[in-house]
Amino acid sequence: MMPSQGNFLDGPKLALGITRFWLIRHALVEENARMCLYGCMDVPLCPDSLIAQRPMYRALAARLPRPARWLVSPLSRTHQTAEAIAEAGYGPQAPMVEPDLIEQNLGLWQGMDYSQLTGHLNLPPHPFWAVGATECPPEGESMIDVCARVGRLLDRLAADYAGQDIVAVSHGGVIRAALAHALRIHAETALHFSVQNLSLTILERLDAGWRVVTVNELPGV
């Protein structure tokens, strides 16, 4: 896949009027955070993984398009991941913080140990997610809510930045929600997608609709 060309400030146009989204899940968070439901809590990245996965950052830096409009969620783990890609060879970029790229809000359940969650659920958990798609944690949001939020965001960005490359460093739930929107599938189905840390998912918006190019592409693998 060839990166787009042109002057970024002039609003480069991709061939056939394609708006392309390069969605990256943030790097692995530190070990203690992984022991609980951290949802949209602001937890740090694992320092050992930042070192061990340098080849993946270099591969991402080489794979991503130039020029591109960069977005991150409000959480520091996406900012740190974007910085690591820049330092690995992509070069300086100034990502814009997009609030709707934030991970699912698990409300009062955030910070809870996974072993404690079962007694709080109203519905069976998803086999590949902590809660079912229609489960809404108290003072939080369901994956149905996340899909609606992310769908509105993608449509807005596709209209505002038509014909451009958009690199968004975000979260596993958000990327699954983006796939649900592009494929017009239920959130429960979208949660079956594997979206690993530092993986790349590429979506395209054409006049005819959304197209999925790749899902869970692991850099350098």
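Above this text is the structure in question.
Criteria and cut-off values
- Residues numbered from 1 in each chain as written.
- Predicted model: local features only at pLDDT ≥ 70, side-chain atom pairs only at ≥ 80, totals over all residues.
- Heavy atoms only, no water.
- Helix = DSSP H or I, 4+ residues; strand = E, 2+ residues; numbered from the N terminus.
- Expected span 1.5 Å × (residues − 1).
- Buried < 20%, exposed > 50% of the residue type's maximum accessible area, 1.4 Å probe, protein only.
- Polar contact = N/O pair within 3.5 Å; in protein donor to acceptor, adjacent residues only side chain to side chain.
- Axes fitted to C-alpha atoms, helices over the stretch in contact; angles between N-to-C directions.
- Parallel < 35°, antiparallel > 145°, perpendicular 65-115°, else oblique.
- Left-handed = near helix turned anticlockwise from the far one by under 90°.
- Contact = heavy atoms within 4.5 Å.
- Nonpolar A, V, L, I, M, F, W, Y, C, P; charged D, E, K, R; others polar.
- Core = buried A, V, L, I, M, F, W, Y, C linked by side-chain atoms within 4.5 Å.
- Pairing = 2+ DSSP bridges.

**Student:** In this structure, what is going on with helix 6 (residues 143-160)? I would like to understand it.
**Tutor:** One full turn of an α-helix is made of 3.6 residues, so residues set three or four places apart face in the same direction. When the terminal C-alpha atoms of helix 6 are compared, their 25 Å separation across 18 residues agrees well with the 26 Å that a helix rising 1.5 Å per residue should span. Looking only at helix 6, the buried set comprises Met-143, Val-146, Cys-147, Arg-149, Val-150, Gly-151, Leu-153, Leu-154, Leu-157 and Ala-158. Two or three places before Ile-144, at the start of helix 6, stands the capping residue Ser-142, its side-chain oxygen 3.3 Å from that residue's backbone nitrogen.

**Student:** Help me understand the packing of helix 6 against helix 7 (residues 172-183), please; the structure alone is not making it clear to me.
**Tutor:** Helix packing geometry: the angle between the two helix axes and the distance between the axes. Two elements in contact, helix 6 and helix 7, have axes separated by 8 Å at closest approach and are oriented at 70 degrees. Judged on the interaxial angle alone, helix 7 and helix 6 are roughly perpendicular. By crossing handedness, the relation of helix 6 to helix 7 is classed as right-handed. For the pair helix 6 and helix 7, the contacting residues are Met-143, Val-146, Cys-147, Arg-149, Val-150, Gly-151, Leu-154 and Asp-155 in the first and Gly-173, Val-174, Ala-177, Ala-178, Ala-180 and His-181 in the second. By residue class, the composition of the contact of helix 6 with helix 7 is nine nonpolar, three polar and two charged.

**Student:** Is there a simple way to explain the nonpolar core in this structure?
**Tutor:** Nonpolar side chains in soluble globular proteins generally cluster together in the buried interior. If you look at the biggest cluster of nonpolar residues, it comprises 37 residues, and the most contacted ones within it are Phe-21, Met-143 and Leu-203. For this core, the secondary-structure elements that each account for two or more residues are strand 1 (19-25), helix 6, strand 4 (165-170), helix 7 and helix 8 (187-190). The element that contributes the greatest number of residues to this core is helix 6, accounting for eight residues. In this structure Phe-21 touches Leu-154, Leu-157, Ala-158, Ile-166, Thr-201, Ile-202, Leu-203 and Trp-210, once residues within four positions along its chain are discounted. Counting 25 residues, the second largest nonpolar core, distinct from the first, contains Leu-45, Leu-64, Val-72 and Ile-85.

**Student:** Would you mind showing me how to read the pairing of strand 5 (residues 200-206) here?
**Tutor:** Looking along a regular strand, one sees side chains alternate from face to face of the sheet. In terms of burial, strand 5 is a largely internal element, six of the seven residues being buried. Pairing of strand 1 with strand 5, which is carried by six bridges, proceeds in the antiparallel orientation. Along strand 5, the bridge assignment pairs Ile-24 with Leu-200. With antiparallel pairing between neighbouring strands as the criterion, strand 5 and strand 6 (residues 209-217) make up a hairpin whose turn holds two residues.

**Student:** What should I look at first to understand the packing of helix 3 (residues 54-63) against helix 4 (residues 76-90) in this one?
**Tutor:** Between helix 3 and helix 4, whose axes approach to 8 Å, the crossing angle comes to 75 degrees. As judged from the angle between their axes, helix 3 and helix 4 are roughly perpendicular. Within the contact between the two elements, helix 3 uses Tyr-57, Arg-58, Leu-60 and Ala-61 and helix 4 uses Thr-81, Ala-84, Ile-85, Ala-88, Gly-89 and Tyr-90. A per-class count over the contact of helix 3 with helix 4 returns seven nonpolar, two polar and one charged.

**Student:** When you look at the environment of Leu-123 in this model, what are you seeing that I'm missing?
**Tutor:** Along the chain, the position of Leu-123 falls in the loop between helix 5 (114-117) and helix 6. You can call Leu-123 partly exposed: its relative accessible area is 37%. Separated by 46 residues in sequence, Leu-123 and Arg-77 have C-alpha atoms that sit 30 Å apart. Dropping the residues within four chain positions of it, Leu-123 is found in contact with Thr-134 and Glu-135.

**Student:** Looking at this structure, how should I read the pairing of strand 4?
**Tutor:** The buried fraction of strand 4 amounts to six of the six residues, a majority that puts the element mostly inside the structure. When strand 1 meets strand 4, the two strands line up parallel, connected through six bridges. Paired with Ile-24 across the bridge in strand 4 is Val-169. In this sheet, strand 4 lies alongside strand 2 (residues 69-72) in parallel orientation, the contact comprising four bridges. Across the sheet, the residue bridging to Trp-70 is Val-167, located in strand 4.

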